[in-house]
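Commentary on secondary and tertiary structure
In case you want the letters, here they are:
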Amino acid sequence: MTKPLKFAGIVPARYASTRFPGKPLALIGTKPMIQLVYEQACKALDHVFVATDDKRILEAVVAFGGKAVMTSDSHRSGTDRCAEAARQIRDSGGIAADVIINIQGDEPFIRPEQINTLKECFSDEDVEIATLVRKALPGEDITDINQVKAVIAGNGFALYFSRAAIPYMRNHAVKDWTLHHDYYKHIGLYAYRARILEKITKLPQGKLETAESLEQNRWLENGYRIKTALTKWENLGIDTPEDLEKAQSFSERL
């Protein structure tokens, strides 16, 4: 009988941000954003930890009853921060997780259903890394370079991630591409088997990653496979104070 997998959610959260310093502590309603993320993650996971490089965030998490670990301030990405946090949690006797789920610290309305969808990917023993995508609606804009697109093989594994709208539909106007082909927008929620997480953080930066500024292309370039799973929801990420205003109005409608 196969042993049930142990899942742990890690929420990378750093204080420094060029566009929005201190955003994990920004209030949405009466709660800091990091608390909303944490509480949503706990609806799908028994073990959730915030991984931060700032004592203010650590203290805020502890104050609302959450779990947090201090990590280095030199990490290049949230994936690197997750890897350090996973080691700390394991070595301290907290939990030796089989799968780590990287939950973005600036997406306070992440749905537990999305996390559960990722978890289900690992019922296949061949899955090393998984992420979410959403099918673009007919007529939806797919040209925004800030919205990453995924090209997916018939078996559900990603072929490539790009800021460009690919494939190029040579016989149709760009505005009509979604009427003639299925385009997928990437939702930046990742899950990795713990042993794979350790390996991918040791990889050197690749040319495809550098070109697109997308770390997942480094993994593909080095032969790792990324399983994609469909979600029907677009997450609301908070990158700027203007985004926070949108989040305030969104939370009032919930």
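Notes on the structure in this doc start here. These numbers come from a predicted model, not from an experiment.

1. Quick notes on the side chain of K227
- Here K227 is to be found in strand 11 (residues 226–230).
- Lacking a salt bridge, the buried K227 has D124 as its closest oppositely charged neighbour, with an N-O distance of 5.6 Å.

2. Points about the packing of aromatic side chains
- What the rule picks out here adds up to six aromatic pairs.
- With centroids separated by 5.3 Å and ring planes inclined at 75 degrees, the aromatic side chains of Y190 and W219 adopt a geometry described as edge-to-face. With a gap of 29 residues between them, Y190 in strand 10 (residues 184–193) and W219 in helix 8 (residues 216–221) connect regions that are remote in the sequence. In this pair, the class of Y190 matches that of W219, namely buried.
- Aromatic rings pair up to connect Y168, W177 and Y183 into one cluster.

3. Considering the pairing of strand 4 (residues 48–52)
- Of all five residues that make up strand 4, five are buried, and the element is covered over most of its length.
- Residues V48, V50 and T52 point to one face of strand 4 and F49 and A51 to the other, with burial holding for every one of them.
- In this sheet, strand 4 lies alongside strand 1 (residues 7–13) in parallel orientation, the contact comprising five bridges. By the bridge assignment, A13 is partnered in strand 4 with T52.
- With three bridges joining them, strand 4 and strand 5 (residues 68–70) adopt parallel strand pairing. Bridging across to strand 5, T52 finds its partner in M70.

4. Quick word on the nonpolar core
- By size, the foremost hydrophobic cluster in this structure holds 38 residues, and its most contacted members are V50, I101, I103, I115, F122 and L189.
- Take this core: its biggest share by element is six residues, from helix 1 (residues 33–42).
- With residues near it in sequence (within four places) discarded, I103 still touches G9, I10, V11, P12, V37, A41, L45, I110, I115 and L189.
- Residues I10, V148, Y184 and I200 belong to the second largest nonpolar core, which totals 31 residues.

5. Observations regarding the pairing of strand 9 (residues 158–162)
- The sheet contact formed by strand 8 (residues 149–152) and strand 9 spans four bridges and is antiparallel. Across the sheet, the residue bridging to V151 is Y160, located in strand 9.
- Between strand 8 and strand 9, which follow one another and run antiparallel, lie five residues, and G156 among them has a positive phi close to 90 degrees.

6. Structural notes on the state of the cysteines
- Tallied over the entire structure, the rule returns zero disulfides.
- C82 forms no disulfide, and the closest cysteine sulfur to it belongs to C42, at a distance of 15 Å.
- Looking at C121, it has no disulfide partner, and the nearest cysteine sulfur is the one in C82, 17 Å off.

7. Considerations on the environment of R14
- You can see R14 is positioned in the loop between strand 1 and strand 2 (27–28).
- Separated by 41 residues in the primary sequence, R14 and K55 have C-alpha atoms spaced 9.9 Å apart.
- Contacts of R14, omitting those with residues within four sequence positions, involve P24, T52, D53, I57 and R81.
- A polar atom in the side chain of R14 sits 2.6 Å from the backbone oxygen of A16.

8. Let's talk about the pattern of salt bridges
- Applying the stated criterion across every chain yields a total of 14 salt bridges.
- Here K185 ties to E140 by a salt bridge, and the two come within 2.8 Å at their closest N and O atoms. With K185 in strand 10 and E140 in the loop between strand 7 (129–135) and strand 8, the pair connects residues that are 45 residues apart, well separated along the chain. Each member of the pair, K185 together with E140, is buried.

About the cut-offs
Residues numbered from 1 in each chain as written. Predicted model: local features only at pLDDT ≥ 70, side-chain atom pairs only at ≥ 80, totals over all residues. Heavy atoms only, no water. Helix = DSSP H or I, 4+ residues; strand = E, 2+ residues; numbered from the N terminus. Buried < 20%, exposed > 50% of the residue type's maximum accessible area, 1.4 Å probe, protein only. Lys, Arg positive; Asp, Glu negative; His and termini not counted. Salt bridge = Lys/Arg side-chain N within 4 Å of Asp/Glu carboxyl O. Phe/Tyr/Trp six-rings, centres within 6.5 Å; stacked < 30°, edge-to-face > 60°. Pairing = 2+ DSSP bridges. Core = buried A, V, L, I, M, F, W, Y, C linked by side-chain atoms within 4.5 Å. Contact = heavy atoms within 4.5 Å. Disulfide = S-S within 2.5 Å. Polar contact = N/O pair within 3.5 Å; in protein donor to acceptor, adjacent residues only side chain to side chain.

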